[in-house]
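# Fold and geometry: a report
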Amino acid sequence: MIGGVLPRGFKEVLALVEERAGLAAPSCLAAAMEGIQRAMARASQDDVDAYLRELSYDNALFDDLLTELTIGETYFFRTHEHFDHLRRVVLPELRERRGQEHLLRAWSAACSSGEEPYSIAALLMAEGWEERMSVRATDVSRTALQRAQQARYTDWSLRGPSADRMRPHLKQEGRFYWLSPDVKRHVQLGYLNLALETWPSAESGVWQLDVIFCRNVLIYFNRATIEGVARRLHASLEDGGYLFTGPSDPPLADYAPLEPVLTEWGVLYRKPPSGSGAGHFVPLQPLQPLPPLSATVPAPPLPEFRPPPAPPAPPVAPPPPVASTPAARPGESSTSGTRTRFTLSVEALEAVRAALARGDWREAARRAGAQSADPEGALAAVRALANLDPRAALYACEEASVRHPLVAGLRYLEALLLLGQARLPEAERSARQALYLEPGLAVGHLLLGHVLRRQDQPAAAARAYREAEGLCRKLPPEALVPLAEGERAGALADVARDEARRLERMEG
């Protein structure tokens, strides 16, 4: 691949995927090419033209390729705020408006391996809807639907902060968990391509819905497909029905007459009831101000940061090796001068490395101290673990975020790690979550600019860089910028300014 252009044949594969599934071409062409090559290897095919011909008629082969070009990241009760809002606000409102005998109809679009629809069903059962509920679950991947039908899971599906809600419905056998038939019987699984005009309809089972979960799938679609999906989602809802989308999904109110509902955790949508006038809003609850994060252990390097010729060095410094001092324990800090530096004892470091060698990320995170009750200690532990294994650090960051959901630094570090893995939509989501928690986090805006630039959104990236510059300009030029690992405000502002100018010139 030269100059960011795909070799012959690979471009045609992505064009076929866009035509059949509505998926936009990935912004990272190198990662897309690697994904196609992995799918070709599984198909025992090394000729891309022959592979393209097989894709055109082999549904199983096409489904397998989709798993490489999308992120099937899911677990039980993922983004628990959505389920909490469903329980606290939506279900009581439905009971009041529709009556006790109403049959609640819910849909999990892009259900992947089934954790989302089974979470919906379990919640509805717990809230007394067991005999008056219907949960439809669809996906474009038949492979994913087979896994959902099997309903066999591992600890990875139980890693979320609210996943324990699902344990009463799971039977453990060895390292696997089997879903109870009591939950499984309430979910109807089926194939559905969201990009096609085959829904809503009674035949598809997608119609007259009270609740739709369509999360973290719209980010993959091109603009035309998003417009069509938004219109059909609106048509699929009953009047007064609710639509939950993912934190990084594009806004839909411009494409369909959906009413944004503002909550303390973000936005969802509602189809206005017939004859309703004013908008329906849930008041935003102010977040408590966050304490400054003083644990200034260097974060992992920011991937592919390319400053222009004149500006200073990149804003995020590469991490030094994890320190090893016998006096320190996991999660403990040692002070040298004015800087607080996280250290691991020799014993703890060896335990972490042994766990990583076994592939046991949970144990490595625990040994490193990522489960510390102190948010600064947990943040420092994640950074130290990133020096050893970025994948384990990402797992540890999720674990730490469960304990400390309002710490912007953890979301920022999560975004940094996701960017390092080229998981751009997820990195954008985490960066935006960090900025929702702490809007004045200059490095958060800078990181968001990098992510948006990688996703070929130069105008949005330039705005993020300008926001970072403005925040840095408000500080004295020699002031240290929070979480910037020793970078001064003046130098960081110049970097952000130059990046914004370069993108603005490209746009102009």
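Keep in mind the model is a prediction, meaning the values are calculated, not measured. (Residues numbered from 1 in each chain as written. Predicted model: local features only at pLDDT ≥ 70, side-chain atom pairs only at ≥ 80, totals over all residues. Heavy atoms only, no water.)

### Some details on the nonpolar core
Formed by 50 residues in total, the largest nonpolar core has its most connected members in Val 382, Val 443 and Val 481. For this core, the secondary structure elements donating two or more residues are helix 12 (375-386), helix 13 (390-403), helix 14 (408-420), helix 15 (424-437), helix 16 (442-454), helix 17 (458-473) and helix 18 (489-507). If we skip the residues at most four places from it in the chain, Val 443 touches Tyr 412, Val 481, Pro 482, Leu 483, Ala 484 and Leu 492. (Core = buried A, V, L, I, M, F, W, Y, C linked by side-chain atoms within 4.5 Å. Buried < 20%, exposed > 50% of the residue type's maximum accessible area, 1.4 Å probe, protein only. Helix = DSSP H or I, 4+ residues; strand = E, 2+ residues; numbered from the N terminus. Contact = heavy atoms within 4.5 Å.)

### As for the packing of aromatic side chains
The description of an aromatic ring pair rests on the distance of the ring centres and on the angle between the ring planes. Tallied over the entire structure, the rule returns five aromatic pairs. Where Phe 83 meets Phe 213, the ring centres are 5.2 Å apart and the plane angle is 40°; that geometry is what we call tilted. Note that Phe 83 is positioned in helix 5 (residues 80-98) and Phe 213 in strand 7 (residues 209-214), a separation of 130 residues in sequence. A residue is classified by how much of its surface remains accessible, and Phe 83, at 0% relative accessible area, is buried. Grouped by ring-pair contacts, the aromatic residues Phe 77, Phe 83, Phe 213 and Phe 244 constitute a single cluster. The side chain of Arg 132 reaches across the aromatic face of Trp 129, ending 5.6 Å from its centre. Directly above the aromatic system of Phe 77 lies the positively charged group of Arg 165, at a separation of 4.9 Å from the ring centroid. (Phe/Tyr/Trp six-rings, centres within 6.5 Å; stacked < 30°, edge-to-face > 60°. Lys NZ or Arg CZ within 6 Å of the ring centre and 35° of its normal.)

### So, the side chain of His 169
As for its placement among the helices and strands, His 169 is situated in the loop between strand 3 (152-153) and strand 4 (170-173). Residues in contact with His 169, not counting those within four places in the same chain, are Ala 122, Met 125, Trp 178, Leu 179, Ser 180 and Val 183.

### Comments concerning the packing of helix 1 (residues 10-21) against helix 4 (residues 59-69)
At their nearest, the axes of helix 1 and helix 4 sit 12 Å apart, and the two run at 100° to each other. By the angle class used here, helix 1 and helix 4 are roughly perpendicular. Side by side, helix 1 and helix 4 meet where Val 13, Leu 14, Leu 16, Val 17, Arg 20 and Ala 21 of the first sit next to Asn 59, Phe 62, Leu 65, Leu 66 and Leu 69 of the second. (Axes fitted to C-alpha atoms, helices over the stretch in contact; angles between N-to-C directions. Parallel < 35°, antiparallel > 145°, perpendicular 65-115°, else oblique.)

### Here's the deal with the sheet that holds strand 2 (residues 133-139)
With mixed pairing, the seven strands of this open sheet are ordered in space as 6-2-1-7-8-10-9. Edge positions in the open sheet fall to strand 6 (187-191) and strand 9 (259-262), since each of these has one partner strand only. Within this sheet the neighbouring strands show an average axis-to-axis angle of 25°, counted without direction. Two elements, strand 8 (residues 237-245) and strand 10 (residues 267-270), share two bridges in a ladder whose sense is antiparallel. Within the sheet, the bridge partner assigned to Tyr 242 lies in strand 10 and is Arg 270. Set on the sheet, helix 5 makes contact with strand 1 (104-108), strand 7, strand 8 and strand 10; between it and strand 8 the angle comes to about 175°. (Pairing = 2+ DSSP bridges.)

### Points about the pairing of strand 4
Strand direction decides the pairing type here: strand 4 and strand 5 (residues 176-179), joined by four bridges, are antiparallel. Within the sheet, the bridge partner assigned to Leu 170 lies in strand 5 and is Leu 179. Between strand 4 and strand 5, which pair antiparallel one after the other, the connecting turn spans two residues, and Gly 174 there sits at a positive phi close to 65°.

### A look at the sheet that holds strand 5
The strand order across the open sheet formed by three strands is 3-5-4, and the pairing between neighbours is antiparallel. The open sheet terminates on both sides in strands that have one partner only, identified here as strand 3 and strand 4.

### Thoughts on helix 12
In this model helix 12 runs 17 Å from its N-terminal to its C-terminal C-alpha over 12 residues, within 8% of the 16 Å that 1.5 Å per residue would give. Of all 12 residues in helix 12, 10 are buried, a share of seventy percent or more. Within the span of helix 12, buried status applies to Gly 377, Ala 378, Leu 379, Ala 380, Ala 381, Val 382, Arg 383, Ala 384, Leu 385 and Ala 386. (Expected span 1.5 Å × (residues − 1).)

### Regarding helix 1
Taking 1.5 Å of rise per residue, the 12 residues of helix 1 would be expected to cover 16 Å, and the 16 Å separating its terminal C-alpha atoms lies within 8% of that figure. Looking only at helix 1, the buried set comprises Phe 10, Val 13, Leu 14, Leu 16, Val 17 and Ala 21. Each buried residue of helix 1 lies within a common arc of 155° when the element is viewed along its axis, so the set occupies one face. Along helix 1, exposed side chains directed more than 90 degrees from the buried face belong to Lys 11 and Glu 19. Just downstream of helix 1 lies Gly 22, where phi reads positive at about 75°. (Arc of directions from axis to C-beta.)

### Re unusual backbone geometry
Here the amide bond leading from Trp 199 into Pro 200 is cis, since omega sits at 0°, within 30 degrees of zero. Inspection of the secondary structure puts Pro 200 in the loop between strand 6 and strand 7. At Phe 77, a residue that is not glycine, the phi angle is positive and equals roughly 55°. On the basis of relative accessibility, which here comes to 2%, the residue Phe 77 falls in the buried class.

### A word on the pattern of salt bridges
If you walk through the whole model with that rule in mind, you get 23 salt bridges. In this structure, Asp 210 engages Arg 98 in a salt bridge whose closest nitrogen and oxygen atoms are separated by 2.6 Å. One end of the pair, Asp 210, is in strand 7; the other, Arg 98, is in helix 5, and 112 residues separate them in sequence. Assessed through its relative accessible area of 1%, Asp 210 is described here as buried. Of the charged contacts in the structure, one is a salt bridge between Asp 498 and Arg 497, with a shortest N-O distance of 3.1 Å. (Salt bridge = Lys/Arg side-chain N within 4 Å of Asp/Glu carboxyl O.)

Without other data, these values stay purely geometric and don't point to any function.
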